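The chain contents come next:
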Amino acid sequence: MTSSQTVPTPPGIPPAPVTEAADPQGAFARFQANRYRRLLLLLSAVMVVVSLLGFLVNSRDPQIGAPLRAGLDFRGGTSIRMELACHDPGPCAIDERLQLPVVRSVLADLQLEPAGDRQSAPAASSFNLQLLDSGEGVLLRSTSLTVAQAQAIEDRLAMAESLGPFRGESTQVDTIGPSLGDQLLKSALRALGAAFLGVALYIAIRFSPLNAVLALGALVHDVVIVAGLFAWLGQLFDVEVGSLFAVALLTLAGYSVNDTVVVFDRIREADRLQPQLGVIARIDRSIAASLVRSLNTSVTTELPILALALFSGGELRWFAVALAFGIGVGTYSSLFVAPLLLGLLKKDTAAPSPSRP
């Protein structure tokens, strides 16, 4: 006779609660950004105020007369770049490198011939001088010069006994007319405005008009702070902004919006999966869930840009500086400006917790 045995049915594995999908993981899982909301937003406000102060100082400076020190691309003029011959094939010795006061003294008494009866020649005191490659070259910027005027400046520098010999074949002279510079400036402003409008429409369609306003505000926040940095650099170190600076701002806009969309998407997911939590708690969890990803992306992006800023020169170096600083500010605003302001303005839609008998 055979005995039948009943095989017990294994207990079913309970499904994971849907709320786990939105729970933050990693080192910042318990980070609550809203606990530090006042400090984070105050830091943002201080950076904006300092930037606006830089715009005001530059606007009242008679040598600048604008929020930013415009470069050759935007205001027109002539640039003359000359390099010392001593750096070929190796670097120049310390005593052979150019010194800015010495270059200024060589050009101090230079008298240029006027271009015509109605147009006076620019004075040497109006030249903007900048040393390149730790004194192995010099960049002179001025209002528009004629060929004869530019040649006179080259000859004065080349024949000065207090300066080392220059490489004649490496001398570069570039001239941009005022009308072309004005056109480039207007084109850059239109491109930036179109980018802002496109961002607002995209966020409004994908999320809500409130999210669009906050994303646009965060984007303006980033642009103002980066431009404010260059306002102070222009005031203190004569750094000028040109077309590459406009490219950096447009790149920053795309990067900042990408981070903001990721955080907003996390918040929308938390609204759907964790409706029992309050809006502040959902935003805190969304920021914590996005923090590691945003920091990792920013750091890996910053490394090659910082290398470019350290090892390049001229306008390319300041382009890299604008990108590096802008990525940092954009990451900050995407995590700690737009979401925290959303928590202040968004209505709490937390579902009531079920009452226990």
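Structure shown above.
Thresholds, definitions, all that
- Residues numbered from 1 in each chain as written.
- Predicted model: local features only at pLDDT ≥ 70, side-chain atom pairs only at ≥ 80, totals over all residues.
- Heavy atoms only, no water.
- Core = buried A, V, L, I, M, F, W, Y, C linked by side-chain atoms within 4.5 Å.
- Buried < 20%, exposed > 50% of the residue type's maximum accessible area, 1.4 Å probe, protein only.
- Helix = DSSP H or I, 4+ residues; strand = E, 2+ residues; numbered from the N terminus.
- Contact = heavy atoms within 4.5 Å.
- Pairing = 2+ DSSP bridges.
- 1 Å grid on protein atoms, 1.4 Å probe; cavity = no way out; pocket = protein on both sides within 12 Å on 5 of 7 lines; lining within 4 Å.
- Points joined across faces, edges and corners; volume = space filled by probe spheres on them.
- Nonpolar A, V, L, I, M, F, W, Y, C, P; charged D, E, K, R; others polar.
- Axes fitted to C-alpha atoms, helices over the stretch in contact; angles between N-to-C directions.

> Which residues make up the nonpolar core, and what are the values?
For soluble globular proteins, the rule of thumb is that nonpolar side chains tend to be buried together. One finds Leu68, Ile203, Phe230, Phe245, Phe264, Ile287 and Phe336 to be the most contacted residues of the largest nonpolar core, which totals 53 residues. Residue assignment for this core shows that the elements contributing at least two residues are helix H1 (37-60), helix H5 (178-206), helix H6 (209-237), helix H7 (243-273), helix H8 (279-311), helix H9 (314-336) and helix H10 (338-345). Per-element tally for this core: the top contributor is H6, with twelve residues. Ignoring anything within four residues of it in the chain, the contact list for Phe245 reads Leu68, Val226, Ala227, Phe230 and Ala322.

> So what's going on with the pairing of strand E1 (residues 77-83)? Which residues, and what values?
Buried residues dominate E1, accounting for six of its seven residues. The pairing of E1 with strand E4 (residues 172-176) spans five bridges and is antiparallel. Residue pairing across strands places Gly77 opposite Ile176, the latter belonging to E4. Pairing of E1 with strand E3 (residues 137-142) involves six bridges; the strand directions are antiparallel. Looking at the pairing, Arg81 lines up with Leu139 of E3.

> Help me get a handle on the layout of surface pockets, residues and values and all.
Reported here for the largest pocket is a volume of approximately 540 Å³. As for the largest pocket, its lining consists of 24 residues, and the residues nearest its centre are Gln130, Leu139, Arg141, Gly314 and Glu315. Those elements that provide at least two residues to the lining of the largest pocket are helix H2 (72-75), E1, strand E2 (128-132), E3, E4 and H9. For the lining of the largest pocket, the element with the most residues is E2, which contributes four residues. The class makeup of the residues in the lining of the largest pocket is ten nonpolar, seven polar and seven charged. What the second largest pocket holds in volume is close to 470 Å³.

> Outline the sheet that holds E4, supporting the account with residue identities and numerical values.
Ordered in space as E2-E3-E1-E4, the four strands form an open sheet in which the pairing is antiparallel. The open sheet has two edge strands with one neighbour each: E2 and E4. Between one strand and the next, the sheet's axes are offset by a mean angle of 15°, whatever the strand orientation. As paired elements, E2 and E3 share five bridges and run antiparallel to each other. Opposite Leu132, over in E3, you have Gly137 as the bridge partner. Taken strand by strand, helix H3 (residues 100-107) contacts E2 and E3, and its axis lies near 140° from that of E2. Its contacts with the sheet put helix H4 (residues 147-159) on E1, E3 and E4, and the angle it makes with E1 is roughly 25°.

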